[in-house]
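The lines below spell out each chain.
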Amino acid sequence: MQLADLFSLSLVGRSSQTGLEYDAPDGSLAALTFGDLDARVNRVARLLSSRGFVRGDRLGFFLPNCVAFIEVFLACVKLGVIVVPINVLYRERESGHIISDADPKAVVTTSELAAFLPAGAPAWDVAEISAAAESFADSAVRLALDGDDPAAIVYTSGTTGRSKGAVLTHNNFAANAVNVTTCWRITSEDRYLAVLPLFHVHGLGNGVHAWLTSGCRMRLVERFDIQRAPDLFTAFQPTLFFGVPTIYVRLLEFPLELAQQIGQRMRLFVSGSAPLPAQVLADFRAKFGHTILERYGMSETLMNISNPYEGERRPGAVGFPFPGVSAQLRDAQGQPVEDGEIGELFVRGPNVCAGYWRRPDATAEAFQDGWFRTGDLGERAADGYYTLRGRRSDLIISGGFNIYPREIEELLLEQSGVLEVAVCGVSDARRGEVPVAYIVGDDSFDAAALETICRQSLASFKMPRAFVRVESLPRNALGKVQKHLLPPWSAE
Ligand code: MCA
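This structure is a prediction, so every number in the text was calculated from the model and none was measured. (Residues numbered from 1 in each chain as written. Predicted model: local features only at pLDDT ≥ 70, side-chain atom pairs only at ≥ 80, totals over all residues. Heavy atoms only, no water.)

**Q** Kindly report on the site of the ligand, identifying the contributing residues and their values.
**A** Around the ligand, a shell composed of 25 residues is seen, among which S273, R295, G399, G400 and R431 lie nearest. Contacts to the ligand include R250, whose side-chain N or O atom sits 2.9 Å from an oxygen atom. Surface burial for the ligand is 77%, taken as the share of its 1,000 Å² of free accessible area covered by protein chains. Among the secondary structure elements, those contributing two or more residues to the shell around the ligand are α7 (201–214), α9 (245–251) and β13 (293–298). Across the shell around the ligand, the residue classes break down as 11 nonpolar, 9 polar and 5 charged. (Near = heavy atom within 4 Å. Polar contact = N/O pair within 3.5 Å; in protein donor to acceptor, adjacent residues only side chain to side chain. Areas by Shrake-Rupley, 256 points an atom, 1.4 Å probe, with all protein chains shown as cover. Helix = DSSP H or I, 4+ residues; strand = E, 2+ residues; numbered from the N terminus. Nonpolar A, V, L, I, M, F, W, Y, C, P; charged D, E, K, R; others polar.)

**Q** Lay out unusual backbone geometry with the relevant residues and their values.
**A** Of note, R185 is a non-glycine position whose phi angle comes to about 50°, a positive value. Here R185 shows up in the loop between α6 (170–183) and β9 (191–194). The partly exposed category is assigned to R185, whose relative accessible area is 45%. The backbone of S273 sits at a positive phi, close to 80°, despite the residue not being glycine. Among the secondary structure elements, S273 is positioned in the loop between β12 (268–271) and α11 (278–288). For S273, a relative accessible area of 26% gives the class partly exposed. (Buried < 20%, exposed > 50% of the residue type's maximum accessible area, 1.4 Å probe, protein only.)

**Q** Can you break down the pairing of strand β5 (residues 106–109) residue by residue, with the values?
**A** Going residue by residue along β5, you find A106 and V108 tucked away on one face and V107 and T109 tucked away on the opposite face as well. Alignment of strand β3 (residues 58–62) against β5, held across 4 bridges, turns out to be parallel. Across the sheet, the residue bridging to L59 is A106, located in β5. As paired elements, β5 and strand β6 (residues 123–125) share 3 bridges and run parallel to each other. Within the sheet, the bridge partner assigned to T109 lies in β6 and is D125. (Pairing = 2+ DSSP bridges.)

**Q** Can you tell me about the sheet that holds strand β15 (residues 320–321), naming the residues and giving the values?
**A** Ordered in space as β2-β1-β10-β9-β11-β12-β13-β14-β15, the 9 strands form an open sheet in which the pairing is mixed. The open sheet has two free edges, formed respectively by β2 (29–33) and β15, since each of these has just one partner strand. With 2 bridges joining them, β12 and β13 adopt parallel strand pairing. Along β13, the bridge assignment pairs S271 with E294. Sitting on the sheet, helix α8 (residues 229–236) is in contact with β1 (18–23), β9, β10 (217–220), β11 (240–243) and β12, with an inclination near 160° to β9. (Contact = heavy atoms within 4.5 Å. Axes fitted to C-alpha atoms, helices over the stretch in contact; angles between N-to-C directions.)

Now the structure itself:
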């Protein structure tokens, strides 16, 4: 199925119902019916066609959450144009790699963010697009697309440092949207408060897609801001909220009375993108009166496993595979492990991406006899609940954003004074983990200079919290750095 037909359930079928609330440029609250939104999307689709966009072309999105993001996104969905989201915190080195790899015809951005794109990138100002679309007709646009057509290329960092683009098809997103909407019982009665960035599949593939599939009302905000959060919850009165653990840690700062008021209106809090500490789950339940539903997904696979809506939302566990998703835990020899034993998690299903963009080598490595290798370790209990038990790779997750140490290590190794480097994740109460760089340096080692270059070249969440100089890196007999043997580091 092409995604546009799934979304038509709301865009067309509920055309007179208010679908979206958002902040107007003047700071007031604006609203659109699903029908108004659809008309705007049709105009943008016609504009993109007039500028030469056809099925299979790529369009980059370097945009904060805004209504135009949704309009241009849906126009691409209708035309079969492949969406390439870029994290707005990325700097030139990071955005430049994605642009050269995905080779988009244009990158939609804002005048402020355009400065963080590499020189010569084909930047299009989103305000100009929205204004130019006004002169196009708003009648329906529908092409005969295939469910296997790519809908998005989502860049995920890799152990090789530079990120790879996971190709997600219309069918992948459709299967995911139907699963989360059904299994989390999302209906048109819901009110979804959307604070997650739309440039990641958590905010886009779960948030926006479940909104359009269910026909609920979405309140879109540019980003999660703890100062603003109390007013947003009070004014919008959501029933549905998706967050990363860092956001739940911050919501625990709310006064008890406010938390209880919010809890009475809410139906479901969902957490993902990083492990939810059992203590946060318990504290949140005590304060808000809700057991957060934790689920497990990846950019490459969308959602794989979820705690049940009805039944035990087990602390520390991620629950059962979604409908249509098969999961298998394998040992180092590729043999399935027994319940209660740890193995590497492989998944298969309609949610799993088609492969990596223009990387047959990486695709071949990621799939084994049709199963996708997640790189996560897990264990299945006798009653079928899955629990994640760490990762095969040394991925760091900070505030729900993925960081591959190798990328930071490669940047640092290019700098003078740095002979060897190992970047590790250290635990942080609010962000889950933060990166710390351990460096073997020579006489020109200069921590302040390294800090400056990292700040210029890396997204802020990748910034090492410290640059620790060490005499040598602990290595095993094969020369591989044993990160767990590095001296412990703490902020105090
Ligand atoms: C954070 N910052 C942002 C944004 N988020 N800037 C612009 N737009 C954003 N969306 C910057 C801030 O400006 C600040 O920069 C720094 O990050 C920390 O922000 P602060 O508010 O102090 O931090 P916080 O209270 O710790 O909250 C951060 C956050 C953010 C809101 C939790 O980390 C976040 O939105 N995380 C969600 C990530 C996400 O959606 N991940 C899904 C990917 P400075 O330091 O320069 O002042 S994984 C996925 O999709 C898979 C499939 C899955 O399973 O879900």
